[in-house]
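Reading the structure
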Amino acid sequence: MKWSNFTYLVKQGFGSIWKNKLMSFASFCIILVSMLLTGISSLAMMNLNIIISNIEELNDVVVFMDKGVAEEQINTLHEKLKQTPNVREVKYRSSDEALEEFKQRYDKDYSVIFDKLFENPMPESFIIKLDDISLISNTVDNISTFNDVETVNAPYEFARFLVNMRATLMIIFGFVLFALIVVSLIIISNAVRTSVFIRRKEINIMKYVGATNTFIRTPFFVEGMIIGLIAGVICWLLTKLSYNSVMDLFNSNTALFTAFGIHDNIQFNEISLVVLLLYCGFGAALSAFGTMISMGKHLKV
Amino acid sequence: MKWSNFTYLVKQGFGSIWKNKLMSFASFCIILVSMLLTGISSLAMMNLNIIISNIEELNDVVVFMDKGVAEEQINTLHEKLKQTPNVREVKYRSSDEALEEFKQRYDKDYSVIFDKLFENPMPESFIIKLDDISLISNTVDNISTFNDVETVNAPYEFARFLVNMRATLMIIFGFVLFALIVVSLIIISNAVRTSVFIRRKEINIMKYVGATNTFIRTPFFVEGMIIGLIAGVICWLLTKLSYNSVMDLFNSNTALFTAFGIHDNIQFNEISLVVLLLYCGFGAALSAFGTMISMGKHLKV
Amino acid sequence: MIEMKNIKVRYSGGIAALNDVNLRIDDGEFVFIVGNSGAGKSTLMKLMLREIIPNEGRVFVNGYNLSKLKGKKIAHFRRTIGVVFQDFRLIPDLTVYDNIAFVLRVTNRSKKYIRQRVPYLLSLVNLADRAKAYPHQLSGGEQQRVALARALANDPPLLIADEPTGNIDPELSYEIVDMLKTINDQGTTVVMVTHQHDLVKYFGGRIINLKRGQISFDELIGGSDEVE
Amino acid sequence: MIEMKNIKVRYSGGIAALNDVNLRIDDGEFVFIVGNSGAGKSTLMKLMLREIIPNEGRVFVNGYNLSKLKGKKIAHFRRTIGVVFQDFRLIPDLTVYDNIAFVLRVTNRSKKYIRQRVPYLLSLVNLADRAKAYPHQLSGGEQQRVALARALANDPPLLIADEPTGNIDPELSYEIVDMLKTINDQGTTVVMVTHQHDLVKYFGGRIINLKRGQISFDELIGGSDEVE
Ligand SMILES: Nc1ncnc2c1ncn2[C@@H]1O[C@H](COP(=O)(O)OP(=O)(O)OP(=O)(O)O)[C@@H](O)[C@H]1O
Ligand SMILES: Nc1ncnc2c1ncn2[C@@H]1O[C@H](COP(=O)(O)OP(=O)(O)OP(=O)(O)O)[C@@H](O)[C@H]1O
Ligand SMILES: [Mg+2]
Ligand SMILES: [Mg+2]
C-alpha cells in the first residue's frame, strides 16, 4: 500500500467518526460506562482488601506469662516467639505497662475498681501480630505449649469474623466484577456490531469495486481505536476524579480514616499511569478489534 | 382506526422485534444492564443503611448512678429517663448484674483482677438506646444533669464514627446512583435513537405514502414496550437471584450475620412485587417513550 | 388540480433546481414531463408531494395549499395522491404484498377489501407470483412495478409517476402506459416523468419539457396510436 | 474473456433465475443483453462479478475461475472489471469525487494521478460541477453517470453495465453508448444490459436475449449508425 493511501485511510477513519456521530457517540458511551464500572469496582475491591487486612492487623494475640518469671525466661520466650511460624511481630509488655494500659482503657467506666487494688495483678505479656490471621488457632495452640506461657488470649471470634467477611466480600466483588466484564463485553460487542451493521451496504459496495479487506478495515480500525482511546482517557479522568473525591471524603473524616486503617490505601497517583494505560489499551483494543471482528461477515461478499 | 388495523399494528410491533434482532437485542441488553446496576445499587444502599443503623443500635449509653442510692431513687430516674427526648429504650442494670457482666467480659484476660475484689464496686446503672445517635452528645449532657446520676458513659467516638460513615457512604452511594441513572439515560437514549436511526428511511417512506404519525409510531411503541417489559422481567429475575445468593452468603456465615445485624435486612420476597413493577414500568417506559421521542425528527417529512 | 406559482427551489450548495416555474394541470389531464438529467423533473414531483417546499412561490394540489399544510393534514393530503418514486422507495422490511397492503391499511380499508385488492393490483403489474418476496429479492423492473401497484392501490384522484418504466422492457412499458391511459380515461389525473421519447411520441398528450429548471415547452401533441 | 458453462442459479424461494445458460464473450466484443424484466439479466451480471456463485456450472472471467476464487484474489479479480450497477451502489458517505477516487485508491494509484483522473472522468459524464455533492444530493440520472464514471476509472479490460442509461435522457444515452463504443474500439470488452431497443437497433452488434432464465437469441445484427 502506498504511504499516501495509508494516510488517506487513517484520515478516513477520523472523518467517519464525525460523519457517524450518533453511532460513534453511542459506542463511546458504552465503552466508557463499561470500563468505568469495571475499573472503579476493581479499585474498590483492591482497597477493600487492604482495609480489611489493616483491620485484621489491629487484632493482636496476647501471650500472658506465668506470674513472677525471671528476666531470662522472658527473653527466652521472646526469642522463641520470634521464630514461631506465622508470627510477624512480637512486642514485649511489662506488667506495669499492662496495668497502665488497662487503667487507661477502663478508667472511665470502672475507675472504682482500681481503688480496690493493692498490688499489680497483671502478668508479663507479649503482643503478637500474625502473618495470616486465618491460621490463628493453629498458631495459638502452638504457642500455648511453650514454657512459662500461662495463657494465650486470641480474638478468635473477631478473627473468624474478619476472615469470613473478607472471603464473603471478595466472593461478592469477584462475582460483580465477573458479571460486569461479561455484560460489558456483550454490550460493547453489540454496539460495535450495530455501528458496523449500519454501514454494511457501504462495506459491500467497497468489496464489489475491488477493495481488499485490509483497505476497508483500516478506517474502521482507526475509527474504533480513536473512540476507544478517547473513552480510555475520559474514563481515566473520571476514575481519578471520583477516586480522589472518595478519598477526600474519608480523609476529611479522621474517625473513619483511622478506623478503616486507610493509612496505607492505594494512592491514585501511584497507579495513575497504569490505570490510564489499561483503560486506553482495553478501550482501543475492544473497540478496534471488536469493530474488525464484527465486519467479518459483511466482508464475505 | 379500525380494530383490525390496530391489531395489525400491534402484530407489526411484535414482528419487527424479530426482524431487527440485532438492534432489539442491543436495546434489550442496554436497558437490562442499566436497570440492573441501578436497581442492585439501590437495594445495596437500602440494606447498608439498615445495617449501619443496626450497628448504631448496638452502641448503648450507660448511665451510672451514685453509689448506694435507694430503690425509690432508682425508680424515679428510670421514669425520668424514659421520658427524656431521643431515648428509645431504657433498661435497668443492678450492680450485681453489672459485676457479673464485667466478669464475663474480662474474665479471660484479667481474671486475676477479680480475685482481689472484696466487695462489688459496681454502681447501679441504666442502659439506654437512642433514637438518633447523631444527637448523642446533647442527650448525654441532658442526662448528666439529672439527680443521682454519677456519670454517663457514651460511645462518643464510635457514634461519631458511625454517623460519619453512614453519611459518607450515603454520599458515595447517592453519587454512584445518580451517576448510574444519568449514564443509563444517556446510553438508553443512544440505543433507542440508533434503533430508530437505522429505520429512518422506512419511516420516511411511510410518511410519503400518507401514514399518520400515530400509525407509524404504534408498532415502534409496541416493540419498545415489549423489549422494555422483557428486560424488566429478566432484570427482576437476576436481581432476585443475586440478592438472594448474597443473602445466603451472609446467612451461611453466622459471624458476619450477627456482626452486621442482618437480622432485619430487607427480604426480597417482601419487595419482590414492587421491584418487578418498577423494573417493568421503567423498562417499558424508557424503551417505548424513548423510541417515540427519537422518532420525532424522522417523522417531520 | 395542480397549480404552481413562481416556484423557485434552491438546494443546499446553491443549485437552483427550479427557477420561476408556473404550471397548471387540470383534473383529468395526462401529462408527460420530459427533460435532461438534472433538469428538475424529480424536484417538481417532490414539490407536488410536499416532500420539499419551495424557497419561493406557492403550490396547490388537490385543493390543498401545500405551504400551509401541517401535521395530520399532510398525511391526509398525501393519501389523495399515488406516487411512483424514481428510486422506488419500497419498505425493505415488508413483503411485496405488505408493501401494497400498507397504503390500504393507512386509509383504514377493511381486511376483506385488502385481501381482494392486493392480488388484483399484483396481477395488474404481472407480479402475482412474487407477493411473498421482499424488495431486495426482486429485479429492478419488478421493484418498479411494485411501486406502481402501490401507487394505484387507493384509486387516487392524482397519480404522480417519476420514470415508472425506466427499468422495464419496451413491451411492458407500452402496456403500463396504456393502463395509465385507461385509468386516466376514468378520471384520474396522471403526471408522468419519462425519458422514453418513443413512448411520448406514441401516446401523445400534453408534454412539458424542463430545461435547467425552467419550462421550455408545454404543448399538446397528437400521439401516433390515435393516427394508426 | 467471459465463459459460462451450464449455469443454473436458483434463489431462495425456488426461483430459477438462470437455467442452463452457456455463454462465451471474447475479449474486445461489445454485447447488448436484452430481455424482459425478471428474465435474469442482472443475475448474469452478478455472476460475472462473483457477487453470487451459481448453484451449478462454472464461470470464467478474465482468466479467473470464479468458483475457486478466494480471499484477496476476489478483490484483485474485481479490479479487472468496471461495473455499473442497476441500483448504482454509490457509497453514501463519500462525495462524488471520493466515490470515483475510491476505486483508484483501491488500486494504489498515486495522489497526482487521482487528482488528474477524477476531474477528467467527471467531465466525461458531464458532472464536473457536482464533484463535491453526496450521492443523495444528485438526481437519478446524475447518480447513474457517477456510477459510470467510477466503472471507467481504472480503464478496466472488461466493462459490465447494468442499464447504464435507464435514468438518462435519450440524447445523453446515445452519447454514452457512443463513448462505450469508442472505449470498446480501444480494446475493452463491454457487456451492457439495456431496455432501450432503439439504442440496440441504432448501434447494433452482438445481441443476447434472455427469456425466463434462458438465452433465446444470440446473434450479431448490423446497426443503423453504420448504414447511415
Ligand atoms: N438533495 C439535493 N441537494 C442538492 N442538490 C440536489 C438535491 N436533489 C437534487 N439536486 C440537484 O438538483 C438538480 C435537479 O434535480 P432533479 O432530481 O430534479 O433532476 P431530474 O430532472 O429528476 O433528473 P433525472 O432525470 O436525472 O432524474 C440536479 O442538478 C441535482 O443535482
Ligand atoms: N435475492 C433474490 N432472491 C430471490 N429472488 C431473486 C433475487 N434476486 C433476483 N431474484 C429473482 O430472480 C429473477 C431474475 O432477476 P434479475 O434481477 O436477474 O432480473 P433482470 O433480468 O435483471 O430484470 P430487470 O430487467 O427487471 O432488472 C427475478 O424473478 C427476481 O425476482
Ligand atoms: Mg429524477
Ligand atoms: Mg436487472
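In this convention, every chain numbers its residues from 1, walking through the sequence in written order. Whichever chain is written first is A, and whichever ligand is written first is 1; the rest continue in order. Two thresholds apply to this predicted model, a pLDDT of at least 70 for residue-level local features and 80 or more for giving and counting side-chain atom pairs, whereas whole-chain, interface and lining totals are computed over all residues. With hydrogens and water set aside, each side-chain value is computed from the structure's full complement of heavy atoms.

1. A look at the environment of I100 of chain C
Residue and element names in this part refer to chain C. Keep this limit in mind: Numbering of helices and strands starts at the N terminus; helices are DSSP runs of H or I of at least 4 residues and strands are runs of E of at least 2. Type-normalised accessible area, obtained with a 1.4 Å probe on protein chains alone, sets the label of each residue: buried when under 20%, exposed when over 50%, and partly exposed for intermediate values. Residues are treated as being in contact if the distance between any of their heavy atoms lies within 4.5 Å.
By the secondary structure assignment, I100 is in helix α3 (residues 96-106). Assessed through its relative accessible area of 0%, I100 is described here as buried. Sequence separation between I100 and L122 is 22 residues; the distance between their C-alpha atoms is 8.8 Å. Beyond its immediate sequence surroundings of up to four residues, I100 is in contact with V118, L121, L122, V146, A149, R150 and A153.

2. Examining helix α3 (residues 96-106) of chain D
An α-helical turn contains 3.6 residues, so any two residues separated by three or four positions project in the same direction. Counting buried positions along α3 of chain D gives nine out of eleven residues, so the element sits mostly inside the fold. For α3 of chain D, every residue scored as buried is listed here: V96, N99, I100, A101, F102, V103, L104, R105 and V106 of chain D. Buried residues along α3 of chain D sit in contact with α1 (3-19), α7 (200-208) and α8 (213-251) of chain A together with α4 (111-124) and α5 (140-152) of chain D. Trailing α3 of chain D by a residue or two, N108 of chain D shows a phi angle of about 65 degrees, which is positive.

3. Details of the confidence of the model for chain C
Keep in mind that low pLDDT regions are not for reading the predicted coordinates in detail. Condition: Summary of the metric used: pLDDT quantifies the predictor's per-residue confidence within the range 0 to 100.
Summarising the model, chain C shows a mean pLDDT of 92, and 98% of its residues fall at 70 or more. Prediction confidence for the complex, expressed as pTM and ipTM, is 0.85 and 0.87 respectively.

4. Brief notes about the domain arrangement of chain C
Residues and elements named next belong to chain C. Put simply, the rule reads: For the domain bounds, the source is a domain assignment made automatically or taken from a database. When two components associate, each loses some accessible surface as probed by a 1.4 Å sphere; the sum of these losses over both components is called the buried area. Salt bridges, as used here, are contacts in which a Lys or Arg side-chain nitrogen is within 4 Å of a carboxyl oxygen on Asp or Glu. Here a polar contact is recorded for every N or O atom pair within 3.5 Å, except that within protein the pair must consist of a potential hydrogen donor and a potential acceptor, and residues adjacent in sequence are included only if both atoms are side-chain atoms. Residue polarity follows a fixed list, in which Ala, Val, Leu, Ile, Met, Phe, Trp, Tyr, Cys and Pro are nonpolar, Asp, Glu, Lys and Arg are charged, and the others, Gly among them, are polar.
Entries for chain C in the domain assignment read domain 1 (1-80 + 156-228) and domain 2 (90-155). Centre-to-centre separation of domain 1 and domain 2, based on C-alpha positions: 23 Å. With 15 residues of domain 1 in contact, the opposing surface of domain 2 contributes 13 residues. A combined buried area of about 1,100 Å² lies between domain 1 and domain 2, and 69% of that area is made up of carbon and sulfur atoms. On the domain 1 side of the contact with domain 2, R79, P156 and M179 bury the most area, a combined 42% of that side's loss. At the boundary of domain 1 with domain 2, the tally comes to zero salt bridges. For the pair domain 1 and domain 2, the interface holds four residue pairs in polar contact (both at pLDDT 80 or more). With five residues, helix α6 (residues 170-185) is the largest single contributor of residues to the side of domain 1 that touches domain 2. Each residue belonging to the side of domain 1 that touches domain 2 can be placed in one class, and the counts come to ten nonpolar, three polar and two charged.

5. Focus: the site of ligand 1
The test is simple: We call a residue near a given molecule or strand whenever any one of its heavy atoms falls within 4 Å of it. Method for areas: the Shrake-Rupley scheme with a 1.4 Å probe, in which residue coverage is limited to the protein chains shown.
Around ligand 1 there are 23 residues in total, and S42 and T43 of chain C together with S139, G141 and E142 of chain D lie nearest to it. Mapping the residues adjacent to ligand 1 onto the chains of the assembly identifies chains C and D. Between S42 of chain C and ligand 1, the recorded distance is 2.6 Å, taken from a side-chain N or O atom to an oxygen atom. In the model, an oxygen atom of ligand 1 is placed 2.7 Å from a nitrogen or oxygen of the G141 of chain D main chain. Taken by itself ligand 1 offers 630 Å² of open surface, and the protein chains cover 93% of this.

6. Looking at the interface of chain A and chain D
With 20 residues of chain A at the contact, the number on the chain D side is 24 residues. Buried area between chain A and chain D, summed over both chains or domains, comes out near 2,200 Å², and the portion from carbon and sulfur atoms is 60%. The three residues of chain A that bury the most area against chain D are I205, Y208 and V209 of chain A, which together make up 29% of that side's buried surface. Taken together, the connections running from chain A to chain D amount to zero salt bridges. Taken together, the links from chain A to chain D amount to five residue pairs in polar contact (both at pLDDT 80 or more). Of all elements in the fold, only α1 and α7 of chain A reach the threshold of two or more residues within the side of chain A that touches chain D. Its residues placed into classes, the side of chain A that touches chain D shows nine nonpolar, six polar and five charged.

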